[in-house]
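# Structural overview
Letter by letter, the chains look like this.
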Amino acid sequence: ISQVLAEQPFDTIKIRMQSTVDCRFNAMGTPTMILKRTVVDEGWGALMQGLAPRIAFYGVVKLSLFSLYERLHQRLNHPTLAGAIAGGLNTVVSCPQDVVKSRLQMQVRTGGGGGITAALKDCMAGGQGTRGL
């Protein structure tokens, strides 16, 4: 969990830099500029958006990855191939939570809010039927 907490602010900045959906973030430019604008406009808490699904599924993602790797390594006796196949198969588990996390990181926080439940509902409703989840 410490790893997730430490890297979450950097991941939020990265996701916002990569965004092609919201031109506000593209126009900001450098990571430092995105950090400054995010903190000024939304507060420090905005850097931790998307943390809940990541923490909730972190154990499941790692468990499936290492379980798949161990089983494949025993059968194939080739660590590189076992790792590649396990990583590919693990995307079935890791990708959905990563999509939700990324969508939450792209939401711009405003006053009142409504908490994590409202943010998750908004996030899930936003892409239903068009972009999966």
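Chains are numbered independently. Their residues run from 1 in the order of the written sequence. Side-chain atom pairs in this predicted model are given and counted only at pLDDT of 80 or more, local residue features only at pLDDT of at least 70, and totals for whole chains, interfaces and linings cover all residues. The basis for every side-chain value is the complete set of non-hydrogen atoms in the structure, without hydrogens or water.

### What to know about the packing of helix H1 (residues 2-18) against helix H4 (residues 51-76)
In helix packing, the relevant descriptors are the interaxial angle and the interaxial distance, both defined with respect to the helix axes. Interaxial distance between H1 and H4 falls to 11 Å at its minimum, and their mutual angle equals 145°. Along this stretch, H1 crosses H4, giving a crossing that reads as right-handed. In contact with Gln3, Val4, Leu5, Glu7, Gln8 and Asp11 of H1, H4 contributes Leu51, Arg54, Ile55 and Tyr58. For the contact of H1 with H4, the residue count by class is five nonpolar, two polar and three charged. Working convention: axes come from line fits to C-alpha atoms, limited for helices to the stretch in contact. Angles between N-to-C directions cover 0 to 180 degrees. Numbering of helices and strands starts at the N terminus; helices are DSSP runs of H or I of at least 4 residues and strands are runs of E of at least 2. Crossings are classed by handedness, with left-handed meaning an anticlockwise turn of the near helix from the far one by less than a right angle and right-handed meaning a clockwise turn. What makes two residues a contact is simply this: any of their non-hydrogen atoms within 4.5 Å. Gly is placed with the polar residues, together with every amino acid not listed as nonpolar (Ala, Val, Leu, Ile, Met, Phe, Trp, Tyr, Cys and Pro) or charged (Asp, Glu, Lys and Arg).

### Thoughts on the environment of Lys101
Looking at the secondary structure, you find Lys101 in helix H5 (residues 79-106). Considered as a pair, Lys101 and Gly50 are 51 residues apart in the sequence and their alpha carbons are 4.2 Å apart. Residues contacting Lys101, with those up to four places away along its chain left out, are Gln8, Asp11, Ile15, Gly50, Pro53 and Arg54.

### Quick word on the environment of Gln8
Residue position: Gln8 is located in helix H1. Separated by 46 residues in the primary sequence, Gln8 and Arg54 place their C-alpha atoms 9.2 Å from one another. Other than its neighbours up to four places away in sequence, Gln8 contacts Leu47, Met48, Gln49, Gly50, Leu51, Arg54, Lys101 and Gln105. A polar atom in the side chain of Gln8 sits 3.2 Å from the side chain of Arg54. By the criterion applied in these results, polar contacts are pairs of N or O atoms within 3.5 Å in which, for protein atoms, one can donate a hydrogen and the other can accept it, and in which residues neighboring in sequence qualify only through two side-chain atoms.

### Re a nonpolar patch on the surface
Every patch collects residues that have over 30% relative accessible area and no salt bridge, joining them within 9 Å if they carry like charges and within 5 Å if they are nonpolar side chains (Val, Leu, Ile, Met, Phe, Trp, Tyr). With residues, only the protein chains shown are counted as cover, and all accessible areas are computed by Shrake-Rupley using a 1.4 Å probe. A pairing counts as a salt bridge when a side-chain nitrogen of Lys or Arg comes within 4 Å of a carboxyl oxygen of Asp or Glu. On the surface, a nonpolar cluster with roughly 310 Å² of combined accessible area is contributed by Leu76, Leu81, Ile85 and Leu89. By the element assignment, Leu81 lies in helix H5. Per-residue accessibility, obtained with a 1.4 Å probe over protein chains only, is compared with the maximum for each type, and a residue is labelled buried under 20%, exposed over 50%, and partly exposed between these values. With relative accessibility at 39%, the residue Leu81 sits in the partly exposed group.

### A word on the confidence of the model for the chain
A score from 0 to 100, pLDDT tells how confident the predictor is in each residue. Mean pLDDT over the chain: 82, with 76% of residues reaching 70 or higher. The secondary-structure element of the chain with the lowest mean pLDDT is helix H6 (residues 115-127), recorded at 57, while H4 shows the highest, at 93.

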